[in-house]
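# Tertiary structure, described
Chain by chain, the residues run as shown.
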Amino acid sequence: MTPGQFLGFVGVVVAVVIAIIKFRRWSFERTPFPPEWISVLSRNIPIYSRLPLALKNQLNRHVKYFLRDKRFYGCDGLVLNDEIRVTIAGQACLLLLNRPTNHYYKLHHILVYPSSFVAARTEQNESGVVSQKHTGLLGESWSQGKVILSWDDVMKGAKNFSDGHNVVLHEFAHQLDQESGSTNGAPLLGAQSSYQSWTRVLSDEFEQLQKQARSGYSSLIDQYGATNPAEFFAVVTETFFERPIQLRRRHPELFEEMKSFYAVDPSEWVE
Ligand SMILES: [Zn+2]
């Protein structure tokens, strides 16, 4: 084979591979969204029925990709089924609507426990003494491509979409935060947001929540968010999606920053 023939052969192989990839993507896009999955979303996530049709279609598409790409594992005897997978995917993908997304590309594994699970945590006190503490958790997000969830609490969060608590939204907000390279409450912002105003507004609001937590005042935003800026972003995400009208009224600047970042206005779904 001459060099020219070899280059021609490589060109044909590359063209065939590209055609196969395009065909697979095209046929995947054309695969209809299973009606059973629509039933699960409608039954388990009441906010799904309130989404405008265009967003509902977008969500379905994201759910399809999510379920194709992520591996689920049942822990402590939990037997996985489509209800579990679709209920988790449906809530996780709410955070992707209207935004350029690669579907949590750093996330590969989702571990699901039947209920809250115990995790060992290493803690260091002020004198430098390190100890192991066992804590009950509803969910956990790891930077190494893993999210852990309690199925009981996934369902509680999905069914009650107005109490400001949602473990799936919380852990997947951490995943978005982690995509910037560090988990610090500063995710990669889209074209609609400015880093300057994001930093100013979120820092001020975080300090305010810390003050409220210290002085024992009540707050709309769960005071677990006062732990650190990463938890603040995750907790505010829960408030933004679940209590948008209250957040807009009591923290208008914070609401606007979240609206620019998430590119949706959840207050329109509940008003
Ligand atoms: Zn958290």
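Residues numbered from 1 in each chain as written. Predicted model: local features only at pLDDT ≥ 70, side-chain atom pairs only at ≥ 80, totals over all residues. Heavy atoms only, no water.

## Quick look at the overall build of the protein chain
We apply this condition: What counts as a helix is a DSSP run of H or I of at least four residues, what counts as a strand is a run of E of at least two, and both are numbered from the N terminus. The classification of residues rests on relative accessible area computed with a 1.4 Å probe and restricted to protein chains. Under 20% of the type maximum is buried, over 50% is exposed, and intermediate values are partly exposed. Here the open area of atoms and residues is found with the Shrake-Rupley method and a 1.4 Å probe, where only the protein chains shown may cover a residue. Note that His is not counted, nor are the chain ends; the positive residues are Lys and Arg, and the negative ones are Asp and Glu. Charge placement uses NZ in Lys and CZ in Arg. For Asp and Glu, CG and CD serve respectively.
Scanning the protein chain from terminus to terminus reveals 12 helices and 6 strands. Reported as C-alpha extents along the three principal axes, the dimensions of the protein chain are approximately 80 × 50 × 45 Å. In the protein chain, which comprises 271 residues, the share counted as buried stands at 44%. Entry remark: accessible area of the protein chain is about 14,300 Å², with carbon and sulfur atoms responsible for 54%. Computed over 28 positive and 28 negative side-chain charges, the separation of the two mean positions in the protein chain equals 7 Å.

## What about helix α7 (residues 167–178)?
Since the α-helix packs 3.6 residues into each turn, any two residues three or four apart lie on the same face. Operational definition: Given the number of residues in a helix, its expected span is that number minus one, multiplied by 1.5 Å. Counted as a polar contact is a pair of N or O atoms within 3.5 Å, where, for protein atoms, one must be capable of donating a hydrogen and the other of accepting one, and residues adjacent in sequence contribute only when both atoms are in side chains.
The terminal C-alpha atoms of α7, which comprises 12 residues, lie 17 Å apart, in line with the 16 Å expected from a rise of 1.5 Å per residue. In terms of residue burial, α7 counts as a mostly covered element, since 12 of its 12 residues are buried. Turning to α7, its buried residues are Val167, Val168, Leu169, His170, Glu171, Phe172, Ala173, His174, Gln175, Leu176, Asp177 and Gln178. Structurally, the start of α7 carries an N-cap: the backbone nitrogen of Val168 is 3.0 Å from a side-chain oxygen of Asn166.

## A word on the UniProt feature "transmembrane region" (unreviewed entry) in the protein chain
Formally: UniProt positions are given in the numbering used here, feature names are shortened, and annotations may be inferred rather than shown by experiment.
Here the UniProt feature "transmembrane region" (unreviewed entry) sits at residues 6–23. What you have in residues 6–23 is 100% helix and 0% strand, and the ends, taken at the C-alpha atoms, are 26 Å apart.

## Quick look at a nonpolar patch on the surface
Using the following cut-off: Patch rule: a residue counts if its relative accessible area is over 30% and it has no salt bridge; like charges are joined within 9 Å, and nonpolar side chains (Val, Leu, Ile, Met, Phe, Trp, Tyr) within 5 Å. We define a salt bridge as a side-chain nitrogen of Lys or Arg found within 4 Å of a carboxyl oxygen belonging to Asp or Glu.
A grouping of Met1, Phe6, Leu7, Phe9, Val10, Val13, Val14, Val17, Ile18 and Ile21 is seen on the molecular surface, where their side chains present a nonpolar patch of about 960 Å² in accessible area. Secondary-structure assignment places Leu7 in helix α1 (residues 3–30).

## A short note on the domain arrangement of the protein chain
Inclusion rule: Domain ranges listed in this record stem from an automatic or a database domain assignment. When checking whether two residues touch, look at their non-hydrogen atoms; a contact exists if any pair is within 4.5 Å. A simple way to read buried area is as the amount of 1.4 Å-probe accessible surface that goes missing from two parts once joined, with both sides added. Three classes are used: nonpolar for Ala, Val, Leu, Ile, Met, Phe, Trp, Tyr, Cys and Pro, charged for Asp, Glu, Lys and Arg, and polar for all others, with Gly counted as polar.
The domains assigned to the protein chain are domain 1 (34–158) and domain 2 (180–271). Each of domain 1 and domain 2 has a C-alpha centre, and the two are 20 Å apart. Listed per partner, the contact involves 12 residues of domain 1 and 11 residues of domain 2. For the pair domain 1 and domain 2, the two sides together bury roughly 940 Å², of which 60% comes from carbon and sulfur. By the criterion of area lost to domain 2, the three top residues of domain 1 are Arg50, Leu95 and Arg99, representing 45% of everything that side buries. On the surface where domain 1 and domain 2 come into contact, there are 3 residue pairs in polar contact (both at pLDDT 80 or more). Across the side of domain 1 that touches domain 2, the residue classes break down as 7 nonpolar, 2 polar and 3 charged.

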